[in-house]
Amino acid sequence: MGKGFFKVPKAVNEPVKSYAPGSPEREAVLKAYKELWNTPVDAPLYIGSEEVRTGNTGEMHPPHDHKHCLGIYHNANKAEVEKAISVALEARKKWAALAWEERAAIFLKAADLIAGPYRAKMNAATMIAQSKTVHQAEIDSACELIDFLRFNVEFMANIYNDQPNSSEGVWNRVEYRPLEGFVYAVTPFNFTAISGNLPASAALMGNVVIWKPSTSQIFSANMIVEVFKKAGLPDGVINVLHGNAAMITDTLLASPHFAGIHFTGSTNVFQDIWKKIGNNIHNYRTYPKIVGETGGKDFILAHPSACPKQVATAITRGAFEYQGQKCSAASRVYLPKSKADETLAFVKEDVLSFKMGSPENFENFITAVIHEHSFDKLAKYIDQAKKDKDAEIFVGGGYDKSKGYFIEPTVIVTTNPHYTTMETELFGPVVTVYVYDDSKWEETLKLVDETSAYALTGAIFATCRYAIDEAVKALENAAGNFYVNDKPTGAVVGQQPFGGARASGTNDKAGSAQNLLRWVSPRLIKETFVPPVDYRYPFLG
């Protein structure tokens, strides 16, 4: 056991490297890209100290070149899932008892490994597996993941330091126990940082975790496992399963030792999981913690006082960076009639300047969407917009999946504020614009608030302070992350804690102490130094 009140290193956001021509990081990431591209991976299950290869395998393909095979991953059977539970519970005995500073050191080391020797490999893996440009990979798989690991340690220390007052003759103290059982982490394809943070944040607080990464992100998830092992994470603390999601989930949720879920993914899946937890509630040793961030139908609303060029840039970046495959991506836009033509002209100019292709070519701003199912869904909505009388394709609208799953960045303009692509989450490079009469500002505020079941992110653009104040108040519940004169994407750990409510999730704010508090079960200890020896109170006299 450590002796002392330890201060953790001050967390500072990791600087974003430029990858400009001639820079050393550019050369390093391109070298790592080529090496990973040409080195087949055999991704096992990680259960305790074992790398389990079941022989029931799937292939990994980069979305921008789906005929190229990156390697294989092994799928779990029910026996492996059950084994992961028992291994995790056994590992919990030592991990939960380990001094917090020892846990902190592991994840601080992991952050330094990613910032240093693993940076190029981590970014290259994300570029390959998820078709991210080098900039999108850098802000995700390097900087954001580093920030999660470092800031979470600082948040943990602050949580532990939060102690109750004590009266005369009494010492009150709170210990922040890990949950009694195991945590199930379910992570998405679109952010390597989220995939690392969801299991790591729960583990940092003393929990053991069973982690199922998205099938489309196994390639870079495997790199995260390598980093955690290199950092000294003990066997069995974070166990990794691939395979049939329903079978894995049902098996884990049936265990009486299921203590919580840390989830990022689709709304329907999260709701189904919540229902299953409810149906199993009588079986659990404790009420499970349910933490989830799901979808969004995120908006940009421009006031007549807004600057068209600023709004256009927010649309271009907010809707089309990483092909719109961010939960926070702008997908519905409301423009005042007086500024709409000018704003849309700037957007069109930007879109026509985009280059699209492999992320290995740093001239490309747009790459592929994640898989064929996503491609087909997006193509269907684009084709429908071409037919519908209340919608038109303003720019874009093309697509091709012969080599990779490429969808042109597409702007749909509609005369119907409830047109299907104004309300349906598409998760791709398609944004829909509705033009409103300048005189209907207040009605449009209400329209923005009531159109979507989601409430993740949103942005207001205006130079009129009264309009900004009115929008902030009217849209109080429309977005968990609300932006004034900025795009609705790009939350930074430690600066903009991320999460939304309504159908977008439990709003437990990843990148803050609020999230870590979900992974502990506090115990209050009251110690009285001189206990009373007479039951009689003074009022009895």
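Residues numbered from 1 in each chain as written. Predicted model: local features only at pLDDT ≥ 70, side-chain atom pairs only at ≥ 80, totals over all residues. Heavy atoms only, no water.

### Regarding the overall build of the protein
(1) Moving on: Scanning the protein from N- to C-terminus turns up 16 helices and 23 strands.
(2) Moving on: What you see for the protein is a C-alpha radius of gyration of 25 Å, in line with the 24 Å of a compact globule of 541 residues.
(3) Moving on: Each principal axis of the C-alpha distribution contributes one length, and for the protein these read about 85 × 65 × 50 Å.
(4) Moving on: Looking at the protein as a whole, 56% of its 541 residues are labelled buried.
(5) Moving on: Here the contacts in the protein between residues at least 6 apart in sequence split such that 77% fall between residues at least 24 apart. (Helix = DSSP H or I, 4+ residues; strand = E, 2+ residues; numbered from the N terminus. Rg over C-alpha atoms; globule rule 2.2 N^0.38 Å. Buried < 20%, exposed > 50% of the residue type's maximum accessible area, 1.4 Å probe, protein only. Contact = heavy atoms within 4.5 Å.)

### Brief notes about the pattern of salt bridges
(1) Moving on: Counting across every chain of the model gives 25 salt bridges.
(2) Moving on: Between Glu14 and Arg150 there is a salt bridge; the shortest N-O distance is 3.0 Å. One end of the pair, Glu14, is in the segment before α1 (24-37); the other, Arg150, is in helix α5 (residues 134-161), with 136 residues separating them in the sequence.
(3) Moving on: Across the pair Lys121 and Glu226 runs a salt bridge whose closest N-O atoms are separated by 3.5 Å. Of the two residues, Lys121 is situated in helix α4 (residues 119-130) and Glu226 in helix α7 (residues 218-230); the sequence distance between them amounts to 105 residues.
(4) Moving on: A relative accessible area of 28% places Lys121 in the partly exposed class. (Salt bridge = Lys/Arg side-chain N within 4 Å of Asp/Glu carboxyl O.)

### Quick look at the domain arrangement of the protein
(1) Moving on: Segmentation of the protein into domains returns domain 1 (24-294 + 505-522) and domain 2 (298-484).
(2) Moving on: Each partner contributes residues to the interface: domain 1 has 26 residues there, and domain 2 has 28 residues.
(3) Moving on: When domain 1 packs against domain 2, close to 2,300 Å² is buried across both sides, 62% of that on carbon and sulfur atoms.
(4) Moving on: Sorting the residues of domain 1 by area buried against domain 2 places His64, His66 and Phe189 first, and these three jointly supply 22% of that buried surface.
(5) Moving on: Summed over the shared surface of domain 1 and domain 2, the number is one salt bridge.
(6) Moving on: Between Lys34 and Glu360 there is a salt bridge, with the nearest N and O atoms lying 3.4 Å from each other.
(7) Moving on: Our enumeration of links across domain 1 and domain 2 arrives at twelve residue pairs in polar contact (both at pLDDT 80 or more). (Domains from an automatic or database assignment. Buried area = accessible area lost by both parts, 1.4 Å probe. Polar contact = N/O pair within 3.5 Å; in protein donor to acceptor, adjacent residues only side chain to side chain.)

### Re the nonpolar core
(1) Moving on: Judged by nonpolar contacts, the single largest core of 104 residues is most densely connected at Phe107, Leu149, Met205, Trp211, Phe219, Phe228 and Ile261.
(2) Moving on: The greatest single-element share of this core, amounting to 13 residues, is contributed by α5.
(3) Moving on: Other than its neighbours up to four places away in sequence, Phe107 contacts Trp95, Leu149, Ala200, Ala203, Leu204, Phe228 and Leu233. (Core = buried A, V, L, I, M, F, W, Y, C linked by side-chain atoms within 4.5 Å.)

### Overview of the UniProt feature "domain: Aldehyde dehydrogenase" (unreviewed entry) in the protein
(1) Moving on: UniProt annotation of "domain: Aldehyde dehydrogenase" (unreviewed entry) refers to residues 59-514 when read in the numbering used here.
(2) Moving on: Between the C-alpha atoms that bound residues 59-514 there is a distance of 38 Å. The span itself is 43% helix and 19% strand. (UniProt positions renumbered as here; feature names shortened; annotations may be inferred.)

### Describing the sheet that holds strand β21 (residues 481-484)
(1) Moving on: The strand order across the open sheet formed by seven strands is β14-β17-β18-β13-β12-β20-β21, and the pairing between neighbours is mixed. In this open sheet, the two edge strands, each paired with only one partner strand, are β14 (391-395) and β21. Put simply, the sheet's adjacent strands are angled 20° from each other on average, direction ignored.
(2) Moving on: Pairing analysis gives four bridges linking β14 to strand β17 (residues 410-414), with the strands arranged antiparallel. Bridging from a neighbouring strand, Val395 pairs with Val411 of β17.
(3) Moving on: Sheet contacts for helix α11 (residues 337-353): β13 (330-336), β14, β17 and β18 (430-436); angle to β13, the most-contacted strand, approximately 140°. (Pairing = 2+ DSSP bridges. Axes fitted to C-alpha atoms, helices over the stretch in contact; angles between N-to-C directions.)

### Structural notes on the environment of Ala88
(1) Moving on: Assignment of secondary structure puts Ala88 in helix α2 (residues 78-95).
(2) Moving on: Distance from Ala88 to Val208, taken between C-alpha atoms, is 5.8 Å for residues 120 residues apart in sequence.
(3) Moving on: Discounting residues that sit within four places of it in the chain, Ala88 has contacts with Val208, Ile210, Gly236 and Asn239.

### Comments concerning the packing of helix α6 (residues 192-204) against α7
Two quantities define a packed helix pair, namely the angle between the axes and the distance from one axis to the other.
(1) Moving on: At a closest axis distance of 10 Å, the pairing of α6 and α7 adopts a crossing angle of 45°. Considering their axes alone, α6 and α7 lie oblique with respect to each other. Relative to α7, α6 is oriented so that their crossing is right-handed. Of the residues in α7, those in contact with Thr192, Ser195, Gly196 and Ala200 of α6 are Ser220, Ile224 and Phe228.
(2) Moving on: Considered class by class, the residues forming the contact of α6 with α7 number three nonpolar, four polar and no charged. (Parallel < 35°, antiparallel > 145°, perpendicular 65-115°, else oblique. Left-handed = near helix turned anticlockwise from the far one by under 90°. Nonpolar A, V, L, I, M, F, W, Y, C, P; charged D, E, K, R; others polar.)

### A short note on the pairing of strand β4 (residues 57-60)
(1) Moving on: On β4, burial follows the alternation: Gly58 and Met60 on one face are buried, whereas Thr57 and Glu59 on the facing-out side are not.
(2) Moving on: Across four bridges, β4 lies against strand β5 (residues 71-74) in antiparallel orientation. Its bridge partner lying in β5, Glu59 is registered against Ile72.

### Observations concerning α7
(1) Moving on: Over its 13 residues, α7 extends 18 Å from the first C-alpha to the last, a length consistent with the 18 Å expected when each residue adds 1.5 Å.
(2) Moving on: Looking at the residues trailing α7, positive phi occurs at Gly232, about 100°. (Expected span 1.5 Å × (residues − 1).)

### Considering the sheet that holds β5
(1) Moving on: Read across the sheet, three strands follow the order β1-β5-β4 without closing on themselves; strand pairing throughout is mixed. The open sheet has two edge strands, β1 (41-43) and β4, and neither has a second partner. In this sheet, adjacent strand axes meet at a mean angle of 20° when their direction is disregarded.
(2) Moving on: As paired strands, β1 and β5 are joined by three bridges and run parallel to one another. Within the sheet, the bridge partner assigned to Ala43 lies in β5 and is Tyr73.
(3) Moving on: Set on the sheet, α7 makes contact with β1, β4 and β5; between it and β1 the angle comes to about 75°.

### Thoughts on unusual backbone geometry
(1) Moving on: At Tyr322, a position not held by glycine, the phi torsion is positive, near 45°.
(2) Moving on: Tracing the sequence through the fold places Tyr322 in the loop between α10 (308-320) and β13.
(3) Moving on: By relative accessible area, Tyr322 is classed as buried at 1%.

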